[in-house]
Amino acid sequence: QVQLVESGGGWVQAGGSLSLSCAASGSIFSINDMAWYRQPPGKQRELAAVITSDGYTNYADSVKGRFTISRDNAKNTVYLQMNSLKPEDTAVYYCNADVRVISRSYLDVWGQGTLVTVSS
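Residues numbered from 1 in each chain as written. Predicted model: local features only at pLDDT ≥ 70, side-chain atom pairs only at ≥ 80, totals over all residues. Heavy atoms only, no water.

K.L.:
Would you mind going over the pattern of salt bridges in detail, with residue names and values included?
P.N.:
According to the stated counting rule, one finds four salt bridges in the structure shown. For Arg38, the salt bridge is made with Asp89, and the minimal N-O distance between the two is 2.9 Å. On the criterion of sequence distance, the pair formed by Arg38 in strand 4 (residues 28–39) and Asp89 in the loop between strand 8 (77–82) and strand 9 (91–101) is long-range, its members being 51 residues apart. The class for Arg38 is buried, based on a relative accessible area of 4%. Taking relative accessible area as the criterion, Asp89 reaches 1% and is therefore assigned buried. For the salt bridge of Lys64 with Asp61, the shortest nitrogen-to-oxygen distance reads 3.1 Å. A relative accessible area of 47% places Lys64 in the partly exposed class. (Salt bridge = Lys/Arg side-chain N within 4 Å of Asp/Glu carboxyl O. Helix = DSSP H or I, 4+ residues; strand = E, 2+ residues; numbered from the N terminus. Buried < 20%, exposed > 50% of the residue type's maximum accessible area, 1.4 Å probe, protein only.)

K.L.:
Before we move on, could you go through the environment of Ile31 and cite the residues and values that matter?
P.N.:
Mapped onto the elements, Ile31 comes out in strand 4. Sequence separation between Ile31 and Leu107 is 76 residues, and the spatial gap between their C-alpha atoms is 9.6 Å. Excluding residues that lie within four positions of it along the chain, Ile31 makes contacts with Ala24, Ser53, Arg71, Asn76, Ala97, Asp98 and Val99. (Contact = heavy atoms within 4.5 Å.)

K.L.:
Could you give me a rundown of the side chain of Arg38, with the residues and numbers involved?
P.N.:
Polar contacts involving the side chain of Arg38 include one to the side chain of Asp89, which spans 2.9 Å. A polar contact is formed between the side chain of Arg38 and the side chain of Tyr93, at a distance of 3.0 Å. Dropping the residues within four chain positions of it, Arg38 is found in contact with Gln44, Arg45, Glu46, Ala48, Ser62, Val63, Phe67, Asp89, Ala91, Val92 and Tyr93. (Polar contact = N/O pair within 3.5 Å; in protein donor to acceptor, adjacent residues only side chain to side chain.)

K.L.:
Just give me the short version of the nonpolar core, but keep the residues and values in it.
P.N.:
Core analysis: the largest hydrophobic core is formed by 30 residues, its most contacted members being Trp36, Ile69, Val78, Leu80, Met82, Tyr93 and Val99. Elements represented by at least two residues in this core include exactly strand 1 (2–7), strand 3 (18–26), strand 4, strand 5 (46–51), strand 7 (67–72), strand 8, strand 9 and strand 11 (114–119). In terms of residue count, strand 9 provides more of this core than any other element does, six residues in total. The residues contacting Tyr93, other than those within four sequence positions of it, are Glu6, Leu20, Trp36, Tyr37, Arg38, Phe67, Leu80, Met82, Gly113, Thr114 and Val116. (Core = buried A, V, L, I, M, F, W, Y, C linked by side-chain atoms within 4.5 Å.)

K.L.:
Before we move on, can you summarise unusual backbone geometry with the specific residues and values?
P.N.:
The backbone phi angle of Ser84 is positive, close to 50°, even though this residue is not glycine. One can find Ser84 in the loop between strand 8 and strand 9. One non-glycine residue, Arg104, lies in the positive phi region at around 80°. For Arg104, the position within the fold is in the loop between strand 9 and strand 10 (106–110).

So this is what it looks like as structure tokens:
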């Protein structure tokens with residue numbers, strides 16, 4: 001019913017920047033929170049940043065001051081601007097959205113993940 005498609009991952013040297021985007025499509029009535037999670041190699045998935053429909057944001061301490069999450073509600077898209085990247089930011093980044101579909105039920109939707117590799 002609802003699909004999240006991510007783009008923008010890749011390889012970058014430490015200190016560099018990358019930008020991720022995630023577009024939602026399908027039978028969408030509205031979207032509440034949108035978030036970026038990440039899963040480093042051999043570790044559990046963790047929340048990196050979240051943004052509410054009103055634009056309020058929250059960040060993991062490890063990315064605060066370096067990452068910026070934003071969204072375009074008209075395009076059902078969330079972005080993650082990542083600056084001053086560190087090797088420990090290497091992970092698969094997943095987009096997540098709390099979606100209210102046309103039938104008025106709620107879905108917790110995940111993207112397929114995009115790999116970000118930061119070399120030292």
